[in-house]
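Geometric and topological summary
For reference, the chains in residue letters:
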Amino acid sequence: MSIRIHPSILSCDFSRLSEELDAISAADMAHVDVMDNHFVPNLTFGPPVVERIREVSPIPIDAHLMIEQADRHAPVYADMGCASVSFHAEASAAPVRLAREIRALGAKASLAIRPATPIEPYIDLLAEFDQILIMTVEPGFGGQSFLDVCLPKVTRTRQAIDDAGLEVQLQVDGGVSATTVARAVAAGANVLVAGSAVYSAEDRTAAIEELRELAHDAQR
Ligand SMILES: O=C(CO)[C@@H](O)[C@H](O)COP(=O)(O)O
């Protein structure tokens, strides 16, 4: 599957948000982390800010909702024009119904799972989603270390996607850098979220291209 690089704006300078979005125009999508201080111990922003980000961003928005009551709130992000909406399995009472609602609103539906959540309960439901997001850190903060212990879950999910002949994207998020990206791709991931690895670089385009190249090499 094609490699996609999604920088997480959580690590950007929010006082210069518009410029920080322009700086990642070489990426495939901008990963926007919505946190509610309940599902995770951190707070970012909600619908009005994400909608404005979508309006000014040169690339489509990949919204990652780290919020409770996903069934109630996620459709808002699909309806405002986010290209992809990831909601957490742990925060949804009816993930299949929610994914269908997100798709009906015109966005890609993505199921996210925390490091401690197994993929097995969702293996037979993969066709209901456009993407599976496997967290490779505990959600909540940028700049954490990549959890290699999550890689078998990535491999298991890739195998199930391929065995079923599905076109489901497999995203990993957390600690993805020039050092770890090859391991994530070798395990089966094709969508790489990178926050600090991109925004700590002076040349964001070069950082994105380096990750893309390393990922392509690992896929061969
Ligand atoms: O969702 C999250 C954190 O909860 C991520 O999107 C981080 O923002 C990734 O940052 P790095 O680990 O790449 O610095």
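Everything numeric in this text was worked out from a predicted model, so none of it was measured. (Residues numbered from 1 in each chain as written. Predicted model: local features only at pLDDT ≥ 70, side-chain atom pairs only at ≥ 80, totals over all residues. Heavy atoms only, no water.)

The next point concerns the sheet that holds strand β7 (residues 169-173). Strand order in the open sheet formed by 8 strands is β1-β8-β7-β6-β5-β4-β3-β2, with parallel pairing between adjacent strands. At either end of the open sheet lies a strand with only one pairing partner, and these are β1 (4-7) and β2 (30-35). Strand after strand, the sheet turns through a mean of 20° between neighbouring axes, direction not considered. With 4 bridges joining them, strand β5 (residues 108-113) and strand β6 (residues 131-135) adopt parallel strand pairing. Within β6, the position partnered with Ser110 by the bridge is Gln131. Along the sheet face, helix α3 (residues 70-79) touches β2, β3 (61-66) and β4 (84-88) and points at about 170° away from the line of β4. Each of β1 and β8 (191-194) touches helix α8 (residues 204-219); the most contacted strand, β1, lies at about 145° to it. (Pairing = 2+ DSSP bridges. Helix = DSSP H or I, 4+ residues; strand = E, 2+ residues; numbered from the N terminus. Axes fitted to C-alpha atoms, helices over the stretch in contact; angles between N-to-C directions. Contact = heavy atoms within 4.5 Å.)

Most of β4 is tucked away: 5 of the 5 residues are buried. Side-chain alternation along β4 places Ser84, Ser86 and His88 on one buried face and Val85 and Phe87 on a second face that is also buried. Across 4 bridges, β3 lies against β4 in parallel orientation. Each bridged residue has a counterpart across the sheet, and for His64 the counterpart in β4 is Ser86. For the crossover that starts at β3, traverses α3 and ends in the parallel β4, the hand is right-handed. Where β4 lies against β5, 5 bridges are found, and the strand directions are parallel. Counterpart to Phe87 in the pairing with β5 is Leu111. (Buried < 20%, exposed > 50% of the residue type's maximum accessible area, 1.4 Å probe, protein only. Right-handed = clockwise from strand over helix to strand, strands pointing away.)

Below, the discussion takes up the UniProt feature "binding site: a divalent metal cation" (unreviewed entry) in the chain. The UniProt feature table records "binding site: a divalent metal cation" (unreviewed entry) at His31, Asp33, His64 and Asp173. For the annotated residues, spread through 143 residues, the largest C-alpha to C-alpha distance comes to 10.7 Å, consistent with a single compact locus. Tracing the chain through its elements places Asp33 in strand β2. Once residues lying within four places of it in the same chain are set aside, the contact partners of Asp33 are Ser8, Leu10, Thr44, Phe45, His64, Met66 and Asp173. At 2.9 Å, the side chain of Asp33 and the side chain of Ser8 are in polar contact. Mapped onto the elements of the fold, His64 is located in strand β3. Residue contacts for His64: discarding those within four places in its chain leaves His31, Val32, Asp33, Val34, Ser86, His88, Ala112, Leu133, Met135 and Asp173. Within polar-contact distance, the side chain of His64 engages the side chain of Asp33 at 3.2 Å. (UniProt positions renumbered as here; feature names shortened; annotations may be inferred. Polar contact = N/O pair within 3.5 Å; in protein donor to acceptor, adjacent residues only side chain to side chain.)

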